[in-house]
Amino acid sequence: MGLPFISKQAKKRDHIVAVDLGGRTTKTVHLHRKSGRFELLNYSIIDAPAYEKGFSPDVLAEHLREVVRTLGATKVRHVTLALGVNDSQFRQVELPLIPLPEMRQMLKLNSKNYLQQDLADHVFDCFIAGTTQSSTTNRPGETAKPAGGAPRAKVMVGCTRKQLVDDLQAAVKAAGLIPDQVVPGMIAPTNAFEMAEPEIFAKEVAALVEIGFKSTTITIVNAGEIVLTRVVAIGGDRLTSGLAEAMGISYSEAENIKVGMPGEVQQSLDPLIHPLGRELRASIDFFEHQADKTVSQVFVSGGSSRSEYVLQALQGELMVPCKNWSPTRFLRVTLPPEKAAELEQLAPQLTVAVGAAAVSF
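Below or above, wherever it landed, is the structure these notes cover. (Residues numbered from 1 in each chain as written. Predicted model: local features only at pLDDT ≥ 70, side-chain atom pairs only at ≥ 80, totals over all residues. Heavy atoms only, no water.)

So, the overall build of the chain
Selection rule: Per the convention used, a helix needs a DSSP run of H or I reaching at least four residues, while a strand needs a run of E reaching at least two, with both numbered from the N terminus. When accessible area is computed with a 1.4 Å probe and restricted to protein chains, residues below 20% of their type maximum are described as buried, those above 50% as exposed, and intermediate ones as partly exposed. Whether two residues are in contact is decided by their heavy atoms: any pair within 4.5 Å suffices. Per-residue and other accessible areas were derived by the Shrake-Rupley procedure at a 1.4 Å probe size, with only the shown protein chains allowed to occlude residues.
In terms of regular secondary structure, the chain is built from 13 helices and 17 strands. By residue count, 50% of the 361 residues in the chain fall in the buried class. Long-range pairs, those at least 24 residues apart, make up 67% of the contacts in the chain with a sequence separation of at least 6. When the accessible surface of the chain is split by element, carbon and sulfur atoms take 49% of a total near 16,500 Å².

Below, the structure is given as C-alpha cells:
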C-alpha cells in the first residue's frame, strides 16, 4: 500500500534508499531487488538534524549527504522519505468511487466536508481499499455498474503540507539525489508486516504498535485489511525522560537502562508505561466491541521495543501476547559482518524505513 505525496517513478526501482525522518534519530535502509528477491545491502541509525538543530532544507540536505556516505550508497540516486505523524496525517474514509486524480482534487477543495478538518495548502494521495456496495461488470476492463445508487469506496487518505513537500524535494535535490517518493510513515509498519509476516497478516487479527520518539501508533489489521489506526501522544522519549528524572541520571544513561532494564528500576518505569498501555488497550477494546472479534497478538516495533521489560509491561496492560518483530525477516541480508551481528537487536527500529521502501518496489 502506498500513499506517495510525490512519485517520480517511471518504473519499479531495483535499488532504493528509504529514510525514516524520526524525531531523535534518522533510520535508513538500502534495499536491492534481484531475481525476484529483496536484499538488505546496508542500514544506518544516526542522530536526526531536527532533534539537534531544527529543520531546514539546507540542514536536511547536509544530513542526507551524511546518510548516503554512511550507507556507502554513493551510486544510488533515488530516495524515498517517510514522514512522522507530526508532519503527515492518515485517515480512512468513504468517498465517491471516482478516478484518483479527481479524488485528490475533491479532497483538496473540500477537505472539511470529507475529513472534518480544514487542510488548506495540503497535498493528498489516496489508496482505494475496496468498494462499499456490490457492483457488476459485464466485460473485463469495463467500469463497474452499481446495483443501485452511486458507488462509493473505502479509501485510505494521506496528506501533508505542500510547503513541507516542496522543502523536502529541494533538500533532496541539493544533496545531489532524486526525490522518488514522500510517504506517511503511519502506513509503513503495515507494509513491512505484510512482507515479513504474510501468514499472520492475511489470516489473523493483529495489532501493530510502533513506539516512536514522541508518539506511538497502533494499527489493527484483520485478515489483510487495516481496520483501525490511532496515534497516542506518548513515545519512547517520555519513558526515557521520566526514567532519567526519577533516577537522577542523564538521558543517555536512562536510554541504556531502559533497553537493558535491570530489575531495580522497574518500579520507576511502571508508572511511565501504564498510561501508554491504557491508551492502547482502549483502542483494542473499541475495535473488539465494534467488530466482535479478538486481537490475537500485538507486534511491537520502535526503539523501546528492544526492552524485554517494556514488552512484558505492555503485555500485562493489554492482556494480549506482545512481542517485537523484525521487518527484515523477508530480506536476504548482505551486510558487513559487524553490522550483520547488530541487526537482530536494531531491526525493530528499521520498521518504518523498510515499509517505506516497500512502496517503491
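Details of the pattern of salt bridges
The criterion, for reference: Salt bridge, as used here: a side-chain nitrogen of Lys or Arg that lies within 4 Å of a carboxyl oxygen of Asp or Glu.
Tallied over the full model, the rule gives 16 salt bridges. Close ionic contact of Asp-166 with Lys-162 constitutes a salt bridge, the shortest N to O distance being 3.0 Å. With Asp-166 and Lys-162 both in helix H5 (residues 162-174), this residue pair falls four residues apart, about one helical turn. Residues participating in the shared-partner salt-bridge network are Glu-62, Arg-65 and Arg-69.

Thoughts on the pairing of strand S15 (residues 297-301)
The criterion, for reference: For two strands to be treated as a pair, DSSP must find no fewer than two bridges joining them. Note on handedness: a clockwise path from strand one over the helix to strand two, with the strands aimed away from the viewer, defines a right-handed crossover.
Most of S15 sits out of view: five of its five residues are buried. Of the two faces of S15, both are covered, the one formed by Gln-297, Phe-299 and Ser-301 as well as the one formed by Val-298 and Val-300. Pairing analysis gives three bridges linking S15 to strand S16 (residues 322-324), with the strands arranged parallel. Bridging from a neighbouring strand, Val-300 pairs with Asn-324 of S16. Where the polypeptide runs from S15 across helix H11 (residues 308-318) and back to S16, its parallel neighbour, the crossover connection is right-handed.

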